[in-house]
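What follows is each chain in one-letter form.
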Amino acid sequence: MNAAVATSVFAVFMVATVALGLLALRGRGGGGGLDEWSVGGRSLGPVFIWVLMAGEGYTSFSYLGAAGWGYNYGAPVLYVVAYMSCGYAIGYVVGPMLWSYARRHGLVGITDMVAHRFGRPWLGAVVAVLATVFLLPYIQLQITGMGVVLSVISYGAVSLNWAYFVAFAVTTGFVVVSGLRGSAWVSVLKDVLVIATLGFLALYVPLHYFDGYGPFLDRLVTEKSDWLTLPGHGGGGAGGSGGSGLGEVWFISTTFLNSLTVVIFPTTVAGYLGARNADVLRRNAMYLPAYNVLLFVPMLLGLAALFVVPGLAGAESNLALFKLVVDALPAWAVGVIGVAAALSSIVPMAVFMLVIGTMWGRSVLSLLPRLAHADRQKSAAQVVVVVAGSLALLLTYTAPNTLVRLSLISYEGMAQLLPMVLLALVWRRLTFRGAFSGLIVGVAVVCVLVFSGNDPVWGVNAGLVALAANLAVALAVTFAGRPDADPRPDAEVLADGRDEGEGRVRAGGRGEDEYAAGPG
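What comes next concerns the included structure. (Residues numbered from 1 in each chain as written. Predicted model: local features only at pLDDT ≥ 70, side-chain atom pairs only at ≥ 80, totals over all residues. Heavy atoms only, no water.)

1. Section: the overall build of the protein
We count it as follows: Helix and strand labels come from DSSP, where a helix needs a run of H or I of at least four residues and a strand needs a run of E of at least two; each type is numbered from the N terminus. Three exposure classes are used, based on accessible area relative to the maximum for each residue type with a 1.4 Å probe and protein chains only: buried under 20%, partly exposed in between, and exposed over 50%. Computed with a 1.4 Å probe, the accessible areas rest on the Shrake-Rupley method; for each residue, only the protein chains presented here act as cover.
Regarding its fold elements, the protein presents 23 helices and zero strands. Taken across its 520 residues, the protein has 58% of its residues classed as buried. Counting only carbon and sulfur atoms, one obtains 67% of the accessible surface of the protein, whose full area is about 19200 Å².

Structural data, given as C-alpha cells:
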C-alpha cells in the first residue's frame, strides 16, 4: 500500500512535468528555431532566469550528495555553499559580459564564442567534444540520483533499472520538445516543492528524532565534534595532510577554482544567454545566494542521520536523508519529497542534455555541408540530445564506475577552458597557439593528477594546480610568438559589456563571413 501511494504521487507529478514542457510551447509556432529552443529566444525574465539557474545549482547532489557528504565528512561539504555564493558574485560581472557578446554576434554557447573569438570554426568543435566529455558524467549521475530516489520512495517496488529508464524518458521527452523554456517552466514547479519540502524537513526531523534543535546540536557537539571542523571526519589534520585531505587549503582552493569555473560552465552560460537583458542577470546574481540557504538543510539532515541510521558506508551514505524520510513520514509525504528530489535531477539533467545538443548541432555537425544551414541545426541538436541521453543511460547500466570516476575531473577539467573562454574575451594579445597549448597542458595535468590518486596535491585542489600550469603555458607561448594575424577590430573580437541596443545581432547567427577575416 505504501509503495502504491508513493509511486502514484510520483507518477502524477511526472505527467505534470511533461505537460509543463508542452505548455511552454504555446504561441511559439511549434518551438521556433535553434535560438528559441536552446536559449529561450533570449527573452526570459528575472523570475524564470532565477529559478532556472537556481535549478542548475540545486541538483540531486543537494538531496543525496550533500546529505551523504555531511554524513561522511561533515564541515568540508560547506564548500558547496561557499563556491556557489562566490560564483554568483563573479557572475554579476561575467554574466552580462557574455550575454552582450553572444547577443551582438548571434551566438548560442561557449563553443560559438571560442570559434568567433579566434576565427576558427573547427576550434568550436574541439571545445564541444571536450565539454561533452566533462558534461556527460553529470547526466549519468542525475539519472543515477533520480533512479535511486524513485526506487527508495517506492519501498523497493520499482527496480533501479526501471527507475533509470524513467529518469531518461521523462527528461528527454520534454527537453527535446520544449528546450530551455520548458526547463524554466518545470523549474518553477521544482522550486515550489524544494522550498516547501526542505522547509518542512528542517523543522520536522530535529523535533521528531531529538525533541528540538537544542538537544540535537548539543549531542552533535558532544559526540561528533570531528564533523564540525575542517578537515572533517577522518581528515587527518589541518591543511589537508593525510586522511581525506579536505582541510583548509583544499577548502579555499576548491572554492576559488569552482567559483571561477561555474561562470563559464556551459549550462550556466545557457542560463545567461536566455535572459531578456543584462540587468536581469545582475539582479539574478544578487538574489541567487538566498537560495543557498536551502543547501544547509540536507547537510544538517546528513548529520542528524549519524544518530538515527548509523553505519551507512560507501554509496549507502547518499541515502542518509531518504532513510530518515521513509522511516518517519507517511507514504504520500514520501512521494512528494521524492518528486522534489527527482525534479532536482530532471531540471539540471535537461539543461546538460540541451547544452550538449546545442554545442554539437551548432559547432560540430554544422561543419558538415548538409547540416550547415541554420534551419537544420535545431533538428541535429535534438538528435544529439537523444543520443547523449541514451549513451548516459547505457553506461549507467553497463559501466557505472567508469563515469563515476570520470566525474571526479568534471569541474576540474572544465576549469581548463577559463583562459580560452574568459581571458581571451578581455585580452586581445592572447593568441590561439597560446590558449590552445595551455588547454592541452591543463587537461593533461588534471587527468594525470586525478587518475593517479593525487587530488588534492599537498592539500590543494588538483584542478587549480592544472589551471596554473595552463595559464603559465598560455602566457609563455603567447609572449614568445607573434600576435595572431587577425585584422578584425577589437570591438568585433572582445567583450565589452555593452547592453542590448548598443550592438547588432547578426541574423541567422554565425556565418562564414564572420570567420573569413580571421586566420585558419
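2. Description of unusual backbone geometry
The omega torsion of the bond from leucine 230 to proline 231 falls at 10°, within 30 degrees of zero and hence cis. Looking at the element boundaries, proline 231 is found in the loop between helix H9 (213-223) and helix H10 (248-261). Phi angles above zero are rare outside glycine, and tryptophan 458 is one such case at about 50°. Note on placement: tryptophan 458 falls in the loop between helix H20 (432-451) and helix H21 (462-480). You can call tryptophan 458 exposed: its relative accessible area is 80%.

3. Brief notes about the packing of aromatic side chains
In plain terms, the rule: Pairs were defined over the aromatic rings of Phe, Tyr and Trp, the Trp ring being its six-membered one, requiring ring centres within 6.5 Å. Orientation was assigned from the angle between planes: stacked under 30 degrees, edge-to-face over 60, tilted for the rest. For a Lys NZ or an Arg CZ to count as sitting over a ring, it must be within 6 Å of the ring centre and within 35 degrees of the ring normal.
A complete count under the given rule lists 21 aromatic pairs for this structure. On the numbers, 5.6 Å between centres and 85° between planes, the contact of tryptophan 122 with phenylalanine 432 is edge-to-face. You can see tryptophan 122 sitting in helix H7 (residues 121-153) and its partner phenylalanine 432 sitting in helix H20, a full 310 residues away along the chain. Aromatic side chains tyrosine 138 and tyrosine 411 sit 6.5 Å apart centroid to centroid with 65° between the ring planes, which places their arrangement in the edge-to-face category. Of this pair, tyrosine 138 sits in helix H7 while tyrosine 411 is found in helix H18 (residues 410-414), placing the two residues 273 residues apart along the sequence. A single burial state applies to tyrosine 138 and to tyrosine 411, both of which are buried. Each member of the aromatic cluster is reached from another via a ring pair, and the members are Trp69, Tyr73, Tyr79, Tyr83, Tyr138, Trp250, Phe265, Phe352 and Tyr411. A cation sits over an aromatic face here: arginine 117 above phenylalanine 118, 4.7 Å from the ring centre. Over the face of the ring belonging to phenylalanine 432 we find arginine 120, whose NZ or CZ atom lies 4.0 Å from the ring centre.

4. Details of the pattern of salt bridges
Once the charged atoms of two side chains with opposite charge are near each other, the side chains can pair. Rules: A side-chain nitrogen of Lys or Arg and a carboxyl oxygen of Asp or Glu constitute a salt bridge if their distance falls within 4 Å.
Using the criterion set out here, one finds six salt bridges in the structure. For aspartate 191, the salt bridge is made with lysine 190, and the minimal N-O distance between the two is 3.0 Å. What makes aspartate 191 buried here is its relative accessible area of 3%.

5. Digging into a nonpolar patch on the surface
The following threshold applies: Each patch is built from residues lacking any salt bridge and having more than 30% relative accessible area; the joining distance is 9 Å for like charges and 5 Å for nonpolar side chains (Val, Leu, Ile, Met, Phe, Trp, Tyr).
On the surface, Tyr92, Val93, Met286 and Tyr287 cluster together into a nonpolar patch covering about 430 Å² of accessible area. For the nonpolar patch, the secondary-structure elements that each account for two or more residues are helix H5 (79-105) and helix H12 (278-291). Tracing the backbone through its elements, the reader meets valine 93 in helix H5.

6. A look at the packing of helix H8 (residues 160-210) against helix H14 (residues 320-328)
When two helices pack together, their arrangement is captured by the angle between the axes and the distance separating the axes. Rules: Simply put, an axis is a line fit to the C-alpha atoms, just over the touching stretch for a helix, and the angle between two N-to-C directions goes from 0 to 180 degrees. Convention used here: angles under 35 degrees read as roughly parallel, angles over 145 as roughly antiparallel, angles from 65 to 115 as roughly perpendicular, and any remaining angle as oblique. Definitions for this section: a left-handed crossing has its near helix turned counterclockwise from the far helix by less than a right angle. A right-handed crossing has that turn clockwise. The contact definition used throughout considers only heavy atoms, calling two residues in contact when any of these lie within 4.5 Å.
Across the interface, H8 lies against H14 with an axial gap of 12 Å and an inter-helix angle of 70°. In terms of axis orientation, H8 runs roughly perpendicular to H14. Note on packing geometry: the crossing formed by H8 with H14 is left-handed. Packed against H8, whose contacting residues are Leu201, Tyr204, Val205, His208 and Tyr209, the element H14 presents Leu321, Leu324, Val325, Asp327 and Ala328 at the interface.

7. Brief notes about the packing of H8 against helix H15 (residues 331-364)
Our working rule: Any residue outside Ala, Val, Leu, Ile, Met, Phe, Trp, Tyr, Cys, Pro, Asp, Glu, Lys and Arg is labelled polar, Gly included; the first ten of those are nonpolar and the last four are charged.
Between H8 and H15, the shortest axis-to-axis distance is 6 Å and the interhelical angle comes to 140°. When the interaxial angle is binned, H8 and H15 end up oblique. H8 and H15 meet at a crossing whose hand is left-handed. Partitioning the contact of H8 with H15 into residue classes produces 22 nonpolar, seven polar and one charged.

8. Some points on helix H1 (residues 2-23)
Inclusion rule: A helix's residues, less one, multiplied by 1.5 Å, set its expected span. What the arc describes is the spread of directions from the helix axis to the C-beta atoms.
The end-to-end C-alpha distance of H1 is 32 Å, a good match for the 32 Å that 22 residues give at a rise of 1.5 Å each. Residues Ala3, Ala6, Val9, Phe10, Met14, Thr17 and Gly21 constitute the buried set of H1. Down the axis, H1 shows its buried residues gathered within 145° of arc, on one side only. Seen from the buried face of H1, the exposed residues on the opposite side, beyond 90 degrees, are Val12 and Val15. Among the structural elements, H7, H8 and H15 are those in contact with the buried residues of H1.

Without other data, these values stay purely geometric and don't point to any function.
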